[in-house]
Amino acid sequence: MNNSASPNSLDLDRSLVIAGSPAASFARLWQALWVQPHVAPPLLEMCRLTLARLHRDESELSAANPHLEPGALNSARRAAVIAGQAHAAADFSSMEKAVLQFAECYGLDAQSIPDETAEAVKVQLGEAGLVFLIEALGCIDGRIRTARCLRDLARLAPVPGVS
Amino acid sequence: MTTRARASAPEQRTGNPIRDSALARVPETVDEIVTLNSAVWKRSLVSPALLEILRLRNARTVNCVFCKSVRYEVARADGLSEARAAMVDAGYEHSALTEREKLAVALADGYLGFPAGITAQLAQRLAHEFSAEQIASMFVALMAFNFTSRTAVSIGGMPEEPLPVVLMALADDD
């Protein structure tokens, strides 16, 4: 069941369209994240869930990602990520564990990502893959933050056009 | 913060700071990031001075040494002198910043909080001073500034000590 409230990181662009061309550009960047060769969409979704867990954002955690093929991320793996247990789960690959560990560190403090954590991603994804992952995490985290602020604004001081 | 860069910039220089950074390693996104930066500065629905205040508050919180040292010429021309830029710091509430400028700082702090959030009082003040379109525009700018500064910090290679203030013009293809 999808109990997510809008906006969330996945449907945020509908709320920002009133900002004009900068919002349109950010929306295109968001779309581009899901069709690139560096990180597969299911793993990117697990990164989104990792950041949502760190933000303790129930709306994000329950949102369905339209960029995933049906069944691309099974419920057991999704639950393990949401519980913060992916690092100990047997059915996560070394690449997935490296990426999710990086996402966790990025979400907690981008300044304090250990060199070995970054190096583990670089070994798995290469230099371009590492840069892409950093970009993607920044976009996802920013959208989670903005969606949360917009939900607060809609609840506390509704303004026509902001939702 | 790691002072060793985790990814390298391309050897060929273009004059655009984004294209000349490690972001050029990802051709699937770099053009849109350049477009986004340009759109934020040229087509946002709030003034360049307000944008610069959002950017500087973000830079201070993220502790991006490069971002903290930069001042955009377009914001300086819009009236954000160095003395006023220095007010975007602790104690800004009691500074000579205008109400809208103080609200921009508070909005940035709400966005940058962990978790992010807007208080009831701030929501009321924002709704009184800004239109829905302007609030949305400021969030897009914050996302762009936060995304790029955290990318720079994560890639690393920055000095740990503060850099001197440098004025920056929008790049030719911005």
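Only a predicted model underlies this, so the values are computations on that prediction, with no experimental measurement involved.

Participant: Before we move on, could you go through the pattern of salt bridges and cite the residues and values that matter?
Facilitator: Going through the model one piece at a time under the given rule, you end up with 25 salt bridges over all chains. Residues R150(B) and D141(A) are paired through a salt bridge, measuring 2.5 Å at the closest nitrogen-oxygen approach. A residue pair is termed interchain when its members come from two chains, as with R150(B) in helix α8 (residues 132-155) and D141(A) in helix α7 (residues 115-156). The same class applies to R150(B) as to D141(A), namely buried. Ionic pairing is found between R84(B) and E101(B), a salt bridge with its closest N-O pair at 2.6 Å.

Participant: Give a detailed account of the interface of chain A and chain B, specifying residues and quantitative values.
Facilitator: Contacts between the two partners involve 53 residues from chain A, matched on the other side by 54 residues from chain B. Summing both sides of the interface, chain A and chain B together bury roughly 4500 Å²; the carbon and sulfur share of this comes to 65%. There are four salt bridges connecting chain A and chain B. Secondary structure elements with two or more residues in the side of chain A that touches chain B: α1 (13-16), α2 (21-33), α6 (94-108) and α7 of chain A. Looking at which element gives the most residues to the side of chain A that touches chain B, the answer is α7(A), with 23 residues.

Participant: Describe the nonpolar core, and please don't skip the residues or the numbers.
Facilitator: Among the nonpolar cores identified, the biggest contains 113 residues, and F102(A), L126(B) and F139(B) are the most heavily contacted of them. Top element by residues in this core is α7(A). It accounts for 17 residues. Excluding residues that lie within four positions of it along the chain, L126(B) makes contacts with L153(A), L103(B), L107(B), I118(B) and I135(B).

Participant: Quick rundown of the environment of A52(A)? Include the residues and the values.
Facilitator: Residues and elements named next belong to chain A. Considering the arrangement of structural elements, one finds A52 in helix α3 (residues 41-54). Separated by 88 residues in the primary sequence, A52 and I140 have C-alpha atoms spaced 9.2 Å apart. With residues up to four places along the chain from it excluded, the contact list for A52 reads D57, E60, L61 and I144.

Participant: Explain the state of the cysteines to me, and be specific about the residues and the numbers.
Facilitator: On inspection of all chains with the given rule, the structure shows one disulfide over all chains. Residue C64(B) pairs covalently with C67(B) via a disulfide, S to S 2.4 Å. A torsion of 65° about the S-S bond marks the disulfide between C64(B) and C67(B) as right-handed. Judged by relative accessible area, which is 0%, C64(B) ranks as buried. For C67(B), a relative accessible area of 17% gives the class buried. Here C47(A) is not disulfide-linked; the sulfur of C105(A) is the nearest cysteine sulfur, at 12 Å. Judged by its relative accessible area of 0%, C47(A) falls in the buried class.

Parameters and conventions
- Counting starts from 1 at the beginning of each chain's written sequence and moves along it residue by residue.
- Ligands are numbered from 1 and chains lettered from A, in the order in which they are written.
- With pLDDT at 70 or above as the cut-off, local features in this predicted model cover only qualifying residues; side-chain atom pairs require 80 or more to be listed or tallied, and sums for whole chains, interfaces and linings still use all residues.
- Side-chain metrics in this entry use all non-hydrogen atoms of the structure; hydrogen atoms and water are not considered.
- Salt bridge, as used here: a side-chain nitrogen of Lys or Arg that lies within 4 Å of a carboxyl oxygen of Asp or Glu.
- Helix and strand labels come from DSSP, where a helix needs a run of H or I of at least four residues and a strand needs a run of E of at least two; each type is numbered from the N terminus.
- Accessibility here uses a 1.4 Å probe with only protein chains present; expressed as a share of the type maximum, an area under 20% marks a residue as buried, one over 50% as exposed, and anything in between as partly exposed.
- Only heavy atoms enter the contact rule, under which two residues are in contact if any of them lie within 4.5 Å.
- A 1.4 Å probe defines the accessible area here, and the buried area is the portion of it lost by two parts on being joined, summed over both.
- Each nonpolar core is a collection of buried residues, namely Ala, Val, Leu, Ile, Met, Phe, Trp, Tyr and Cys, held together in the definition by side-chain atoms within 4.5 Å.
- In this description, a disulfide is simply a cysteine sulfur pair whose atoms lie within 2.5 Å.

Treat this as a map of the structure, not an account of what it does.
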